[in-house]
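Residue strings, one per chain:
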Amino acid sequence: IRDISPGKKILGQVLASIILMLGGVGTRMANAFLDAAGVYASDWIVIPASCILCIFVVICTCNATNLLDGLDGLCGGVTGIISLGFLALAVWLAMWNNFPGGDQVRVVLCLAVAGAVLGFLPYNIPPASIFMGDAGSMMLGFFVATMMALFCMEGSSRWLLASGVIFALPILDTSLAVIRRLRSGKSVFAGDRSHLYDQLVDR
């Protein structure tokens, strides 16, 4: 209906991450990094560090999927594959890791998003009849951040790293876009036609 500035979008993402943490998700994300470093810390260090990390992850994933939404069917197709990758990881943890409490939520979330994206894709591939827009792409990014936070509930860095590997393509494309724009003196929010998918189309 009306344009929203990048600053207001980021504010919305911060509010979304706060809602996530109020629901008890993301308040232990720092444990995964502390585990990798072999450090034990008390709650008064873990919880504030986790809150900062959760906000950072939500902002990064929401904007990574938003930047990926440059071609019809691309963001939906990639996040559909990502949701199936998360599902495989969640099912593996549910069957062999015996972690109570989080497995059902992770499996159901992955199934729901995979089903939604696969139902949306036939109408979004060229020639598209419906479009995702920022609301859809950022919602998918929020799903990715939520899954990463849920994988951190194990308290082990390996599951966070595994989810990061599954989400590697959007991370790579966004990182290259930020570096490219900073090197050229442009705003990181300025659009360009140098994304990985743009280069593939041009070739």
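Residues numbered from 1 in each chain as written. Predicted model: local features only at pLDDT ≥ 70, side-chain atom pairs only at ≥ 80, totals over all residues. Heavy atoms only, no water.

1. Some points on the pattern of salt bridges
As a reminder, the rule being used: For this analysis, a salt bridge means a side-chain nitrogen from Lys or Arg found within 4 Å of a carboxyl oxygen belonging to Asp or Glu. We count a stretch as a helix when DSSP gives it H or I for four or more residues in a row; a strand needs E for two or more, and each element gets its number in order from the N terminus. Burial classes: relative accessible area under 20% of the type maximum marks a residue as buried, over 50% as exposed, and values in between as partly exposed (1.4 Å probe, protein chains only).
Scanning the entire structure with this criterion turns up one salt bridge. A salt bridge links Lys9 to Asp134; the shortest N-O distance between them is 2.5 Å. You can see Lys9 sitting in helix H1 (residues 6-22) and its partner Asp134 sitting in helix H6 (residues 133-151), a full 125 residues away along the chain. For Lys9, a relative accessible area of 24% gives the class partly exposed.

2. Observations regarding the packing of aromatic side chains
Here is the rule: What counts as a ring pair is set by centres within 6.5 Å for rings of Phe, Tyr and Trp (its six-membered ring), and what kind of pair is set by the plane angle: stacked under 30 degrees, edge-to-face over 60, tilted for all other angles.
Across all of its chains, the model carries three aromatic pairs by this definition. Chaining the aromatic ring pairs together yields one cluster made of Phe86, Phe143 and Phe151.

3. Observations regarding the nonpolar core
As a reminder, the rule being used: For our purposes a nonpolar core is just a set of buried Ala, Val, Leu, Ile, Met, Phe, Trp, Tyr and Cys residues, chained together by side-chain atoms within 4.5 Å. Contacts were defined at the residue level, with two residues in contact if any of their heavy atoms lie within 4.5 Å.
Of all hydrophobic cores here, the largest spans 43 residues; its most connected members are Met29, Val58, Phe86, Phe143, Val144, Met147 and Phe151. Those elements giving two or more residues to this core turn out to be H1, helix H3 (43-68), helix H4 (74-97), helix H5 (103-124), H6 and helix H7 (157-166). Among the elements that line this core, the one with the most residues is H6, at 11 residues. Those residues in contact with Phe143, other than ones at most four positions away along the chain, are Ser83, Phe86, Leu109, Cys110 and Val113.

4. Section: a nonpolar patch on the surface
To keep it simple, the criterion reads: Patches here are clusters of residues that have more than 30% relative accessible area and form no salt bridge, with a 9 Å joining cutoff for like charges and a 5 Å cutoff for nonpolar side chains (Val, Leu, Ile, Met, Phe, Trp, Tyr). Using a 1.4 Å probe, accessible areas were evaluated by the Shrake-Rupley method; residue-level cover was limited to the displayed protein chains.
On the surface, Leu11, Leu15, Ile18 and Leu22 cluster together into a nonpolar patch covering about 410 Å² of accessible area. With respect to the secondary-structure elements, Leu22 resides in helix H1.

5. Things to note about the packing of H3 against H6
Definition in use: Orientation is described by lines fitted to C-alpha atoms, with helices fitted over the stretch in contact, and by angles between N-to-C directions that extend from 0 to 180 degrees. Angle categories are assigned with fixed cut-offs, so that under 35 degrees is roughly parallel, over 145 is roughly antiparallel, 65 to 115 is roughly perpendicular, and the rest are oblique. Left-handed describes a crossing whose near helix is turned anticlockwise from the far helix through less than a right angle; right-handed describes the clockwise counterpart. Just so you know the grouping, Ala, Val, Leu, Ile, Met, Phe, Trp, Tyr, Cys and Pro go in nonpolar, Asp, Glu, Lys and Arg go in charged, and all remaining residues, Gly too, go in polar.
Look at H3 against H6: their axes get within 7 Å of each other, and the N-to-C directions meet at 140°. For the element pair H3 / H6, the angle class is oblique. Between H3 and H6 lies a crossing whose hand is right-handed. For the pair formed by H3 and H6, the contact residues are Val57, Val58, Thr61, Cys62, Asn63, Thr65 and Asn66 on the first element and Asp134, Ser137, Met138, Leu140, Gly141, Phe142, Val144, Ala145 and Met148 on the second. When its residues are assigned to classes, the contact of H3 with H6 shows nine nonpolar, six polar and one charged.

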